[in-house]
Amino acid sequence: MRFHPWVWTMDEKVIRSKLPIGDMGAELYFHEELGSTNVEANRLIDDGAPHGALVVTKSQTAGKGRLDRQWISISGASLTFSLVLQPDHTKTALWSRLNALGAIAIVDVLQRYGIKAQVKWPNDVLVNGDKVAGVLVEGKWSGSELKWVILGIGINVRPGSYPPNNLLDYPAISIEEALGQRIELDSLLLDILKSLSRWYNQVDADLFIETWQKNLAFLGKNVVVQKGDERIIGVVKGIRDDGVLCLQGNRGELIAIETLDSSLRPLEGEDLLDEERH
Ligand code: BT5
């Protein structure tokens with residue numbers, strides 16, 4: 001398969017002319033280069049940005065992952081953006097669902113493109129078991145009240161948009177490698193915004209959890225969940241209504257993984273040996 005040399009095809013004017021899409025893109029802040037779109041979105045909220053404000057950058061130099069990790073992207077080959085959301089009172093209680101929103105919306109788009117994408121709990125997107133997109137959701141709270149949500153999305157679009165697998169916690173892939181053809185960054189962004197708008201409006205519906213569950217990676221498989229220093233092993237049973245991940249331990253007990261600040265991976269190789277030693 002041959003790929004064309006990277007050409008930056010994202011056209012600010014085209015994107016602007018199509019916005020807003022439902023709730024998404026009420027205002028567009030388009031940058032050539034930024035440290036982190038999430039950090040910029042946070043700043044914009046303090047400056048009065050509205051619900052649905054969208055921050056896009058061609059090049060992100062200090063991308064943030066979860067738990068202080070880094071997100072690496074390459075200008076012209078990756079999509080990096082953040083949305084500012086101000087959930088109404090029906091949605092503020094749905095923190096874990098809001099965390100999954102980005103992954104569910106991306107999976108929906110990729111499946112429409114013909115790619116079998118899945119959600120790796122809580123909010124990564126996998127294709128053929130490899131990570132194609134990461135989502136970083138940050139809340140702005142007043143006491144226990146959720147005021148704002150910053151939904152940051154990073155997607156590997158072209159080959160070479162991610163670091164070599166030996167430098168990653170988890171193997172990666174790009175959409176074009178999975179699809180075998182070139183896709184335009186601006187049309188991908190617009191498709192994802194459309195999907196985000198649809199799923200944002202369904203975030204409190206049963207369909208949301210059903211879709212999350214249906215597209216959950218490793219259903220019925222053994223996984224390891226790293227939660228701080230704690231390592232939990234079990235078979236993935238599904239997602240509860242409140243977004244909690246349910247595992248079944250090896251004595252048949254049900255284990256609820258409530259904290260979203262956890263990392264999950266399939267149980268294999270060394271983990272299996274470790275298991276046998278216990
Ligand atoms: C995530 O964190 O996957 C969330 C990434 C969110 C990035 C977006 S880009 C727009 C917005 N602005 C920001 O500053 N951030 C958001 P986590 O689950 O913690 O995964 C991070 C880990 O993924 C790193 O430790 C690496 O091992 C790996 N990684 C880094 N870059 C990657 C890439 N391009 N593809 C696949 N894996 C990557």
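Within each chain, residues carry numbers counting from 1 in the order of the written sequence. Per-residue local features of the predicted model are confined to residues with pLDDT of at least 70, and side-chain atom pairs are confined, for both listing and counting, to 80 or more; whole-chain, interface and lining totals are unaffected and use all residues. Based on all heavy atoms of the structure, the side-chain values leave hydrogens and waters out of the count.

Asker: Which residues make up unusual backbone geometry, and what are the values?
Answerer: Residue Pro20 is bonded to the preceding Leu19 through a cis peptide linkage, with omega at -5°. Cis geometry marks the peptide bond from Trp121 to Pro122; its omega dihedral reads 0°. Of note, Pro122 is situated in the loop between β6 (117-120) and β7 (124-127). The residue Leu67 is not glycine, and still its phi comes out positive at about 50°. Runs of H or I in DSSP of at least four residues are treated as helices and runs of E of at least two as strands, each being numbered from the N terminus. With respect to the helices and strands, the residue Leu67 is situated in the loop between β3 (63-64) and β4 (70-71).

Asker: Describe the site of the ligand, with residues and values.
Answerer: By convention in this text, a residue qualifies as near a molecule or strand provided that one of its non-hydrogen atoms is within 4 Å of it. Taken together, 29 residues are adjacent to the ligand, and Ser36, Lys64, Arg69, Ile72 and Lys131 come closest. When isolated, the ligand has an accessible area of 790 Å², and the protein chains bury 96% of it. Within the residue set of the shell around the ligand, elements represented by two or more residues are α2 (37-46), β3, β4, β5 (78-85), β8 (130-142) and β9 (145-156). In this classification, the charged set is Asp, Glu, Lys and Arg, the nonpolar set is Ala, Val, Leu, Ile, Met, Phe, Trp, Tyr, Cys and Pro, and all remaining amino acids, among them Gly, are polar. Split by residue class, the shell around the ligand holds 9 nonpolar, 14 polar and 6 charged. In short, Shrake-Rupley with a 1.4 Å probe defines the accessible areas, and a residue's cover is counted only from the protein chains shown.

Asker: I'd love a proper account of the packing of helix α3 (residues 95-112) against helix α5 (residues 185-201), names of residues and values included.
Answerer: Helix axes are fitted only over the stretch in contact, all axes being lines through C-alpha atoms; the angle between N-to-C directions runs from 0 to 180 degrees. Where α3 meets α5, the closest approach of the two axes is 8 Å, and the angle between their N-to-C directions is 125°. As summarised for this structure, α3 and α5 are arranged oblique, according to the angle between their axes. Relative to α5, the crossing made by α3 is right-handed. Counting all contacts with α3, which are made through Leu98, Leu101, Gly102, Ile104, Ala105, Ile106, Asp108, Val109 and Arg112, the residues of α5 involved are Leu188, Asp191, Ile192, Ser195, Leu196, Arg198, Trp199 and Tyr200. In the contact of α3 with α5, the residues fall into 11 nonpolar, 2 polar and 4 charged. Angle categories: roughly parallel below 35 degrees, roughly antiparallel above 145, roughly perpendicular from 65 to 115, and oblique for all the rest. Should the near helix be turned anticlockwise from the far one by less than a right angle, the crossing is termed left-handed; should it be turned clockwise, right-handed. Residue contacts are defined here by distance: any two heavy atoms, one from each residue, within 4.5 Å place the two residues in contact.

Asker: Let's hear about the environment of Gly139: which residues, and what values?
Answerer: By the secondary structure assignment, Gly139 is in strand β8. A sequence separation of 54 residues divides Gly139 from Leu85, and the C-alpha atoms of the two residues are 9.5 Å apart. Setting aside residues no more than four positions away along its own chain, Gly139 makes contact with Trp95, Leu146 and Trp148.

Asker: For the packing of α3 against helix α6 (residues 206-214), give the residues involved together with the corresponding values.
Answerer: Between α3 and α6, whose axes approach to 11 Å, the crossing angle comes to 60°. On the basis of their axis angle, the class for α3 and α6 is oblique. You can see that α3 and α6 cross each other, and the crossing is left-handed. Contacts between α3 and α6 involve Ser96, Arg97, Ala100, Leu101 and Ile104 on the former and, on the latter, Phe208, Ile209, Thr211 and Trp212. Across the contact of α3 with α6, the residue classes break down as 6 nonpolar, 2 polar and 1 charged.

Asker: I'd love a proper account of the nonpolar core, names of residues and values included.
Answerer: By nonpolar core is meant a set of buried Ala, Val, Leu, Ile, Met, Phe, Trp, Tyr and Cys residues that side-chain atoms within 4.5 Å join together. With a 1.4 Å probe rolled over the protein chains alone, any residue whose accessible area is under 20% of its type maximum counts as buried; one over 50% counts as exposed, and the rest are partly exposed. Leu79, Phe81, Leu193, Leu196, Trp212 and Leu245 are the most contacted members of the largest nonpolar core, which totals 72 residues. At 10 residues, the largest contribution of residues to this core is made by α3. Those residues in contact with Leu193 that lie beyond four places of it in its chain are Leu19, Ile21, Met24, Leu54, Phe81 and Leu83. If you look at the next biggest cluster of nonpolar residues, it comprises 10 residues, including Ala41, Leu44, Ala53 and Val55.

Asker: Residue-level account of α6, with values.
Answerer: Spacing of three or four residues puts side chains on the same side of an α-helix, whose turn is 3.6 residues. All of the buried residues along α6 are Phe208, Ile209, Thr211 and Trp212. Down the axis, α6 shows its buried residues gathered within 160° of arc, on one side only. Turned more than 90 degrees away from the buried face of α6 sit Asp206 and Lys214, all of them exposed. Contact partners of the buried residues in α6: α3, β6, α5 and β11 (230-239). The directions from the helix axis to the C-beta atoms are what the arc is built from.

Asker: Help me get a handle on the pairing of β8, residues and values and all.
Answerer: Pairing of β7 with β8 involves 3 bridges; the strand directions are antiparallel. Each residue of the ladder has a partner; that of Leu126, found in β8, is Lys131. Where β7 folds back onto β8 in an antiparallel hairpin, the turn is made up of 2 residues, including Asn128, whose phi is positive at roughly 50°. Any two strands between which DSSP finds at least two bridges are classified as paired. Judged from the 10 bridges that link them, β8 and β9 form a sheet pairing that is antiparallel. The residue of β9 that forms the bridge with Val135 is Ile153. Linkage of β8 to β9, two consecutive antiparallel strands, is achieved through a turn of 2 residues, within which Gly143 is found at a positive phi near 65°.

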